[in-house]
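Examining the three-dimensional arrangement
Here is what each chain is made of, one letter per residue.
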Amino acid sequence: MRRQQILSAADLVLIDVGVEDFTIDQVAERANIAKGTVYKYFKSKDEILAEISTKAIGLLLQIFQQATASHTHSVEKLKAICWAAYRYYQTHLAYHELLAYIERPDFNIDFQGYTKISQSIQEFCENIITEGQQKGEIKPSLNPELLVRVIWATNIGVIQFVQTKQKLIQNIHDTPIDEMVNISVQIMADGISATKKD
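Described in the following lines is the structure provided in the data block. What you are looking at is a predicted structure, and each value in this text was computed from that prediction instead of being measured. (Residues numbered from 1 in each chain as written. Predicted model: local features only at pLDDT ≥ 70, side-chain atom pairs only at ≥ 80, totals over all residues. Heavy atoms only, no water.)

**With respect to helix α2 (residues 24-31)**
Let me state the cut-off plainly: Using a 1.4 Å probe on the protein chains alone, a residue whose accessible area is under 20% of its type maximum counts as buried, one over 50% counts as exposed, and one in between counts as partly exposed. Working definition: helices are DSSP H or I runs of at least four residues, strands are E runs of at least two. Numbering for both runs from the N terminus. As used here, the arc belongs to the directions running from the helix axis to the C-beta atoms.
For α2, the complete set of buried residues consists of I24, V27, A28 and A31. Along the long axis of α2, the arc covered by the buried residues comes to 95 degrees, so they all point the same way. Among the residues trailing α2, N32 stands out with phi positive, at a value near 60 degrees.

Here it is as structure tokens:
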């Protein structure tokens, strides 16, 4: 019960202040308990964030499943996943930043819940690709595991570019950000789609 109270408070603190400004002091204050009580359940800020990350990535998997449910063509499913990842960034910014934070090489907390769900996302996407290859919709020469990683890396790159350059893009270049995402998604779709030659 106390552990869940701490995690609920931590979740609210994360949403309010973001991952970089997140502190144990804020969690204790939000939970209305002593700081020492927090340390009875969690050894560090990162241990708390690791717990919240499981919720964050679980939500991402759920969003991907919902986004693909109405599509039958595998390429359309992958496009829907790319758009869902962008919408997740827009609507769950604190969680998006948390996922980037905990995937740093120096993050040393063992958090199996996150790893398990992350693997489920990988497998979910790989299955879409494999099914698409079997149906002749996706190039059979592409390795599903690597393709998922490339799509994910490209998507993250576009989102990070948008995140860091948003004011410049909108104010100077008058470029609609959604159009940038659309171009990226379309390039991916065109690149993986099987042609009659494949």
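**As for the environment of I63**
Quick note on the threshold: Here, residues are in contact when the closest pair of their heavy atoms is within 4.5 Å.
Within the secondary structure layout, I63 lies in helix α4 (residues 45-68). Along the primary structure I63 and A80 are separated by 17 residues, whereas in three dimensions their C-alpha atoms are 10.0 Å apart. Once residues within four sequence positions are removed from consideration, I63 is found in contact with A84, Y88 and H92.

**What to know about helix α5 (residues 74-91)**
As a reminder of what qualifies: In this scheme, a helix's expected span is set at 1.5 Å multiplied by one less than its residue total.
In this model α5 runs 25 Å from its N-terminal to its C-terminal C-alpha over 18 residues, within 8% of the 26 Å that 1.5 Å per residue would give. Across the 18 residues of α5, 13 count as buried, placing the element largely inside the fold.

**A closer look at unusual backbone geometry**
In this structure, N32 is a non-glycine residue whose phi angle is positive, near 60 degrees. Looking at the element boundaries, N32 is found in the loop between α2 and α3 (35-41). Overall, N32 belongs to the exposed group, its relative accessible area being 71%.

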